[in-house]
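Commentary on secondary and tertiary structure
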Amino acid sequence: MAAAIAALDLIETDPAYAALPLGKARSFTRRVGLPEAESPIVPLIVGDAQAALQASRLLEAEGFLVIAIRPPTVPAGTARLRFAFTAQHPDDEIERLADIVRNRILTARPQARAEPARGHPG
């Protein structure tokens, strides 16, 4: 309860800080060449569950924790990577992540696409 109250106090005293996660997600989507992020959570549909796992492992080897969401959590053929941005993520690391996604994941899976987060596991 104390942490929730402290978070609300922070939002009240520094609203710009609360806006940082969305700004960082938008910076990521711009650099990758994806549609503008609508939330701090950016799902990238990869399609094949095995490809999503491979992409997740590639990113983990680069130092990024990006979860692969696969069936039965999402419909078959819509496996995805789930990027979640916070105010604490350094801008240079977001740029590095975006470059890896653009140059190593999207080039390997040209059918990958972003999908707006709408309350689903994406």
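Worth saying up front: this structure is predicted, and the values here are computed from it rather than measured. Sequence order as written defines the numbering, with residues in each chain counted from 1. Under the rules for a predicted model, residues below a pLDDT of 70 receive no local features and side-chain atom pairs below 80 are neither given nor counted, while totals for whole chains, interfaces and linings still include all residues. Hydrogen atoms and water are omitted, and side-chain values are computed over all heavy atoms in the structure.

1. Digging into the overall build of the chain
Strands here mean DSSP runs of E at least two residues long; helices mean DSSP runs of H or I at least four residues long; both are numbered from the N terminus. Regarding its fold elements, the chain presents four helices and four strands. Summarising its shape, the C-alpha atoms of the chain cover approximately 45 × 30 × 25 Å along the three principal directions. Here's how the labels work: a residue is buried when its accessible area is under 20% of the maximum for its type, exposed when over 50%, partly exposed in between, all with a 1.4 Å probe on protein chains only. The buried share of the chain, taken over its 122 residues, is 34%. The contact definition used throughout considers only heavy atoms, calling two residues in contact when any of these lie within 4.5 Å. Nonlocal contacts in the chain, meaning residues at least 24 apart in sequence, comprise 68% of its contacts between residues at least 6 apart. Per element, the accessible surface of the chain, about 7000 Å² overall, is 57% carbon and sulfur. Here the positive residues are Lys and Arg and the negative ones are Asp and Glu; neither His nor the chain ends is included. We put the charge of a Lys on NZ, of an Arg on CZ, of an Asp on CG and of a Glu on CD. The averaged location of the 14 negative side-chain charges in the chain is 9 Å from the averaged location of its 14 positive side-chain charges. Computed by Shrake-Rupley with a 1.4 Å probe, the accessible areas treat only the displayed protein chains as cover when residues are assessed.

2. Some points on the pattern of salt bridges
Here, a salt bridge means any Lys or Arg side-chain nitrogen found within 4 Å of an Asp or Glu carboxyl oxygen. Taken as a whole and judged by the stated rule, the model has seven salt bridges. Here Arg26 ties to Glu36 by a salt bridge, and the two come within 3.7 Å at their closest N and O atoms. Linking Arg26 in helix 2 (residues 15–32) with Glu36 in the loop between helix 2 and strand 1 (41–47), this pair joins segments that are 10 residues apart in sequence. Note that Glu62 and Arg96 form a salt bridge whose closest N and O atoms lie 3.3 Å from each other. Of this pair, Glu62 sits in the loop between helix 3 (49–61) and strand 2 (67–69) while Arg96 sits in helix 4 (residues 91–105), and the two are 34 residues apart along the sequence.

3. Some points on the nonpolar core
With 28 residues, the main nonpolar core has Phe28, Leu59, Leu81, Phe83 and Val101 as its most contacted residues. Of all the secondary-structure elements, those providing two or more residues to this core are helix 2, strand 1, helix 3, strand 3 (79–84) and helix 4. Among the elements that make up this core, the one with the highest residue count is helix 4 (six residues). Throughout this description, the term nonpolar core refers to a set of buried Ala, Val, Leu, Ile, Met, Phe, Trp, Tyr and Cys residues connected via side-chain atoms within 4.5 Å.

4. Topic: the pairing of strand 3
By definition, two strands form a pair when at least two bridges between them are found by DSSP. Inspection of the sheet shows strand 1 paired to strand 3 by six bridges, in the antiparallel sense. Looking at strand 3, one finds that Pro43 is bridged to Arg82. Where strand 2 and strand 3 come together, three bridges link them in antiparallel fashion. Note on strand 3: the bridge partner recorded for Ala68 is Leu81.

5. Looking at the packing of aromatic side chains
The description of an aromatic ring pair rests on the distance of the ring centres and on the angle between the ring planes. Any two of the Phe, Tyr and Trp rings considered here, Trp counted by its six-membered ring, make a pair once their centres fall within 6.5 Å; the pair's planes then place it as stacked at under 30 degrees, edge-to-face at over 60, or tilted in between. The final tally for this structure, using the stated rule, is two aromatic pairs. Relative to Phe83, the ring of Phe28 lies with its centre 4.8 Å away and its plane at 40°, an arrangement referred to as tilted. In this pair, Phe28 sits in helix 2 while Phe83 sits in strand 3, placing the two residues 55 residues apart along the sequence. Residue classification places Phe28 among the buried residues on the basis of a relative accessible area of 1%. Judged by relative accessible area, Phe83 falls into the buried class, the value being 2%. For the ring pair Phe28 and Phe85, a centre distance of 5.1 Å and an interplane angle of 45° mean the geometry is tilted. Highlighted residues: Phe28 in helix 2 and Phe85 in the loop between strand 3 and helix 4, separated in sequence by 57 residues. The pair Phe28 / Phe85 is uniform in exposure class, with both members buried. Ring-pair connections join several aromatic residues into one group, and the members of that group are Phe28, Phe83 and Phe85.

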